[in-house]
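Breakdown of the fold
Listed below are the residues making up each chain.
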Amino acid sequence: KAGVTQTPRYLIKTRGQQVTLSCSPISGHRSVSWYQQTPGQGLQFLFEYFSETQRNKGNFPGRFSGRQFSNSRSEMNVSTLELGDSALYLCASSLMGREYEQYFGPGTRLTVT
Amino acid sequence: GESVGLHLPTLSVQEGDNSIINCAYSNSASDYFIWYKQESGKGPQFIIDIRSNMDKRQGQRVTVLLNKTVKHLSLQIAATQPGDSAVYFCAENRDDKIIFGKGTRLHILP
């Protein structure tokens, strides 16, 4: 079974721009979560989607948004990028009822200059 | 605030010895505690979980211990191998969110 895939793997953007990251979960996994990972703050939960609905949200500003499609693929968007948004953005999928057992993709490394 | 944290940022262990990675938590309402491993350049990988009503759970070469009295979680890795070199995160499932600790880097000495 193919793992979680994320595109692109690397991205360089300028302050004020917006960015869209994509995630394809493992086949059969309907829950998709997004995390931001930085050296200072560690792994922080952004949001979780299930059946095209946002089920949970972390403590991030409204510039961070996401969505999920009917095939469970998910995208996250960050608008008006700030330098502090530079991070590794990780997507994870899980089976219904086993959301604690997350399968992570390799991440998208976003650098904001 | 409530958080999941690690006692040590770095742990060095001789190859073949057992490793013990510790974690303290503050929220008693969590129903699951989980350990993840993250190798360089990769996303975290699920290792093992333990329900809050259990004290111990064993997997392949790993054992997780949960002490609810002192709110302490540990991961024991038997016969540590070079492939165990990674950052290990404890995490808790709380309010349907996975809250991760800061991580412990495990170094394997030859």
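The written sequence of each chain sets the order in which its residues are numbered from 1. Each chain takes a letter, starting from A, and each ligand takes a number, starting from 1, following the order in which they are written. It should be noted that, the model being predicted, local features are given only for residues of pLDDT at least 70 and side-chain atom pairs only at 80 or more, the latter also being counted only at that level, while totals for whole chains, interfaces and linings use all residues. Remark: hydrogens and water are excluded; side-chain values derive from all non-hydrogen atoms of the structure.

**Focus on the overall build of chain A**
Short version of the rule: By the criteria applied, helices consist of DSSP H or I runs no shorter than four residues and strands consist of E runs no shorter than two, each listed in order from the N terminus. What the globule rule says is 2.2 Å times the number of residues to the power 0.38, and the radius of gyration is computed from C-alpha atoms. Remark: exposure states derive from per-residue accessible area (1.4 Å probe, protein chains only) relative to the maximum for the residue type, with buried under 20%, exposed over 50%, and partly exposed in between. What makes two residues a contact is simply this: any of their non-hydrogen atoms within 4.5 Å. Shrake-Rupley sampling with a 1.4 Å probe provides the accessible areas, and residues are treated as covered by the protein chains on show and by no other component. Under this rule, positive means Lys or Arg and negative means Asp or Glu; His and the chain ends count for nothing. Every charge is mapped onto a representative atom, which is NZ of Lys, CZ of Arg, CG of Asp or CD of Glu.
Each helix and strand counted, chain A has zero helices and eleven strands in total. Listing every helix and strand of chain A by position from the N terminus yields β-β-β-β-β-β-β-β-β-β-β. Its C-alpha atoms give chain A a radius of gyration of 13 Å, within 12% of the compact-globule value 13 Å for 113 residues. With the C-alpha coordinates aligned to their principal axes, the bounding extent of chain A is approximately 40 × 25 × 25 Å. Looking at chain A residue by residue over its 113 residues, the buried ones come to 51%. When contacts within chain A are restricted to residue pairs at least 6 apart in sequence, those whose partners lie at least 24 apart make up 54%. Surface accessibility of chain A: about 5,300 Å² in total, with carbon and sulfur atoms responsible for 49%. In chain A, 12 positive and 7 negative side-chain charges are present, and the distance between their average locations comes to 4 Å.

**Quick look at the pairing of strand β3 (residues 19-24) of chain A**
Working note: regular strand, side chains alternate between the two faces of the sheet. Residues and elements named next belong to chain A. Note the threshold: Being paired, for any two strands, means DSSP has found at least two bridges between them.
One ladder, built from three bridges, connects strand β1 (residues 5-7) with β3; its direction is antiparallel. Paired with Gln 6 across the bridge in β3 is Cys 23. Two elements, β3 and strand β8 (residues 74-78), share five bridges in a ladder whose sense is antiparallel. By the bridge assignment for β8, Cys 23 is matched with Ser 74.

**Things to note about the interface of chain A and chain B**
Put simply, the rule is: Put simply, buried area is how much 1.4 Å-probe accessible surface two parts lose in total, over both of them, once they are put together. Here, a salt bridge means any side-chain nitrogen of Lys or Arg that lies within 4 Å of a carboxyl oxygen of Asp or Glu.
With 21 residues of chain A at the interface, the matching set in chain B holds 17 residues. Roughly 1,500 Å² of surface becomes buried between chain A and chain B when both sides are summed, with 56% attributable to carbon and sulfur atoms. If you sort the residues of chain A by the area they bury against chain B, Leu43(A), Tyr100(A) and Phe104(A) come out on top, with a joint share of 42%. If you look at where chain A meets chain B, you find zero salt bridges.

**Some points on the side chain of Thr63(B)**
Residue and element names in this part refer to chain B. Tracing the backbone shows Thr 63 in strand β7 (residues 62-67). For Thr 63, a relative accessible area of 11% puts it in the buried group. Residue contacts for Thr 63: discarding those within four places in its chain leaves Lys 56, Arg 57, Gln 58, Ser 74, Leu 75 and Gln 76.

**Section: the pairing of strand β5 (residues 45-51) of chain B**
Residue and element names in this part refer to chain B. Pairing geometry for strand β4 (residues 32-38) and β5, over six bridges, is antiparallel. Note that in β5 the partner of Tyr 32 across the bridge is Arg 51. With antiparallel pairing between neighbouring strands as the criterion, β4 and β5 make up a hairpin whose turn holds six residues, including Gly 41 at a positive phi of roughly 80°.

**Regarding the pattern of salt bridges**
Pairing between side chains of opposite charge can happen when their charged atoms approach one another. Residues and elements named next belong to chain A. For the structure on display, the rule yields twelve salt bridges over all chains. One salt bridge connects Arg 63 with Asp 85, and the closest N-O pair in it is separated by 2.8 Å. Taken as a pair, Arg 63 in the loop between β6 (53-57) and β7 (64-68) and Asp 85 in the loop between β8 and β9 (87-94) lie far apart in primary sequence, 22 residues in all. Taken as a pair, Arg 63 and Asp 85 share a single burial class, namely buried. Of the charged contacts in the structure, one is a salt bridge between Arg 73 and Glu 75, with a shortest N-O distance of 3.5 Å. Given the relative accessible area of 25%, Arg 73 is considered partly exposed.

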